[in-house]
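A structural walkthrough
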Amino acid sequence: MVFWEDYVSDEAMGTYAPIVVYWLYAGFYQLLPPLDNYRLHTRKEEEEKNTMAFSGERCFVVQKSGRKQKRIIVQPSITVQVLQIIVAMFVMDTWQYFVHRYMHQNKFLYRHVHSQHHKLVVSYAIGALYNHLVEGLLLDTFGGAMSFLVSRLTARTAVLFFCFAVIKTVDDHSGLWLPGNVFHIFFQNNTAYHDIHHQLQGFKYNYSQPFFPIWNKFLGTYMPYRLVKQSGGGFEARAKKN
Ligand SMILES: [Zn+2]
Ligand SMILES: [Zn+2]
């Protein structure tokens, strides 16, 4: 039983809800005051280092093609859905790790595709999916499709999973270390972890996104960090060199 049941199909919801959630969640971050005491970079740094302007942004959000179905689908138990979501998280991370890493290693792909995302040196929420169209296709669409197929999510559970993945990705790019943020408490792969990847020092590390750092730890590309309080307010995520 979900609130949209009587209005739209799960397939249509899976297509549009992640896009709406992206803009709502990123829009929420965008409307916050500057919060200088919680930023990972100063506003001056954001202006100086980023080579893309917010107004020029194009975003690509995970989409699945929907097909109308009239038959009633029996939803699995909550336990099964949770297990399926965990599998989907692992598959998405695995896909993103290897494709993302390859886009850094292949000079052509980096120069012509992935470098667009790295114009965001100081990340902010609404730029989370500021990607080249090809990257959106390779990483997000194919990654989403793989996690959906392997985990055998129903269309309904997929709505929740894709919305969660979008929220997590936006949060990882928020550039804010706000107290009580549950993603910072429960995920090692979080805003500071991904901020390291956007910096020169961590450019070849922390590829896995958006949930766990497992593949990085396994394959030697994990860059641990520590948060250093800045005298002028805010924090710096500083790489702990091995
Ligand atoms: Zn990258
Ligand atoms: Zn990023």
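Residues numbered from 1 in each chain as written. Chains lettered and ligands numbered in written order. Predicted model: local features only at pLDDT ≥ 70, side-chain atom pairs only at ≥ 80, totals over all residues.

Right, let's get into the nonpolar core. Of all hydrophobic cores here, the largest spans 25 residues; its most connected members are Ala26, Ala158, Phe162 and Val170. For this core, the secondary structure elements donating two or more residues are helix H1 (10-31), helix H3 (78-105) and helix H6 (155-172). Here this core gets 9 residues from one element, more than from any other, and that element is H6. If we skip the residues at most four places from it in the chain, Ala26 touches Ala125, Ile126, Ala128 and Val170. (Core = buried A, V, L, I, M, F, W, Y, C linked by C-beta atoms within 7 Å. Buried ≥ 20, exposed ≤ 12 C-beta atoms within 10 Å, placed from the backbone. Helix = DSSP H or I, 4+ residues; strand = E, 2+ residues; numbered from the N terminus. Contact = placed C-beta atoms within 7 Å.)

Feature annotation in UniProt assigns "transmembrane region" (unreviewed entry) to the following positions: residues 12-32, 78-99 and 120-139. The span residues 78-99 is 100% helix and 0% strand, and its two end C-alpha atoms sit 31 Å from each other. With 35% helix and 0% strand, residues 120-139 has end C-alpha atoms that lie 17 Å from one another. (UniProt positions renumbered as here; feature names shortened; annotations may be inferred.)

Moving on: the packing of H3 against H6. H6 packs onto H3 with a crossing angle of 45° between their chain directions and a minimal axis gap of 11 Å. Our classification of the angle between H3 and H6 gives oblique. With respect to the hand of their crossing, H3 and H6 are arranged in right-handed fashion. Along its contact with H3, which presents Gln81, Gln84, Ile85, Ala88 and Met92, the element H6 presents Thr157, Phe161 and Ala165. Considering only residue class, the contact of H3 with H6 consists of 5 nonpolar, 3 polar and no charged. (Axes fitted to C-alpha atoms, helices over the stretch in contact; angles between N-to-C directions. Parallel < 35°, antiparallel > 145°, perpendicular 65-115°, else oblique. Left-handed = near helix turned anticlockwise from the far one by under 90°. Nonpolar A, V, L, I, M, F, W, Y, C, P; charged D, E, K, R; others polar.)

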